[in-house]
Amino acid sequence: MHYQAESWGSYFPARAVGGDPLERIERLASENAVVIFSVSSCCMCHAIKRLFCGMGVNPTVYELDEDPRGKETEKALMRLLGSSSAVPVVFIGGKLVGAMDRVMASHINGTLVPLLKEAGALWL
């Protein structure tokens, strides 16, 4: 199910597809230039979506709380990050950037925009 909501970008409940959760994450992350795994009630997820939209990027957002296998996906993201917090998680160009702290550090140190340009998510 695909839907547009406000000015965020593309939102998808993470599709229930068989297979290993990490393989599923890798497949979903590689399908679009910027992919955010999110939970709709998470304030940090909201902030990261605002950051990208404010930069003119149209991220694909998978809301895990709207997915019947969302908890399984969250656990896989926690293993991937080595963290107790699973969201938000950002992939750019199919590559893991990380959670909020890594994205903000990349933004502050000037490496986020080149990543976005390289992935084709930002043209200016």
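Here the structure is shown first, and the text comes after it.
Scope of this entry: the structure provided in the associated data block. Note that the structure is predicted; figures quoted are calculated from it, not measured.

**Quick word on the environment of S40**
Next up, step 1: Following the sequence through the fold, S40 ends up in the loop between β3 (34-38) and α2 (43-54).
Next up, step 2: By relative accessible area, S40 is classed as partly exposed at 43%.
Next up, step 3: Measuring from C-alpha to C-alpha, the distance between S40 and E66 comes to 8.3 Å, with 26 residues separating the pair along the chain.
Next up, step 4: In contact with S40, not counting residues within four places along its chain, are E63, D65 and E66.
Next up, step 5: Reaching out from S40, the side chain makes a polar contact with the side chain of D65 at a distance of 2.4 Å.

**Description of the pairing of β3**
Each regular strand carries side chains that alternate between the two faces of the sheet.
Next up, step 1: The buried count for β3 comes to five of five residues, which makes it a mostly enclosed element.
Next up, step 2: Here β3 shows no split at all, with V34, I36 and S38 on one side and V35 and F37 on the other all buried.
Next up, step 3: Pairing between β3 and strand β5 (residues 89-92): four bridges, direction antiparallel. Paired with V34 across the strands is I92, a residue of β5.
Next up, step 4: The sheet contact formed by β3 and strand β4 (residues 60-63) spans four bridges and is parallel. Looking at the pairing, F37 lines up with Y62 of β4.

What counts, and where the lines are drawn
Residue positions are given per chain, counted from 1 along the sequence in the order it is written. Restriction of local features to residues with pLDDT of at least 70 applies here, the model being predicted, together with a cutoff of 80 or more for giving and counting side-chain atom pairs; totals for whole chains, interfaces and linings are based on all residues. Values shown for side chains rest on all heavy atoms present in the structure; no hydrogens or waters enter the calculation. Secondary structure follows DSSP: runs of H or I at least 4 residues long count as helices, runs of E at least 2 residues long count as strands, and numbering of each begins at the N terminus. Summary of the burial criterion: residues with accessible area below 20% of their type's maximum are buried, those above 50% are exposed, and those between are partly exposed, where the area comes from a 1.4 Å probe applied to protein chains only. Any pair of residues with heavy atoms lying within 4.5 Å of one another is described as a contacting pair. Contacts described as polar in this section are N or O atom pairs within 3.5 Å, which, within protein, must combine one atom able to donate a hydrogen with one able to accept it, while residues neighboring in sequence count only if both atoms come from side chains. Pairs of strands are assigned from DSSP output, requiring at least two bridges between the strands.

Honestly, it's all geometry; don't read function into it.
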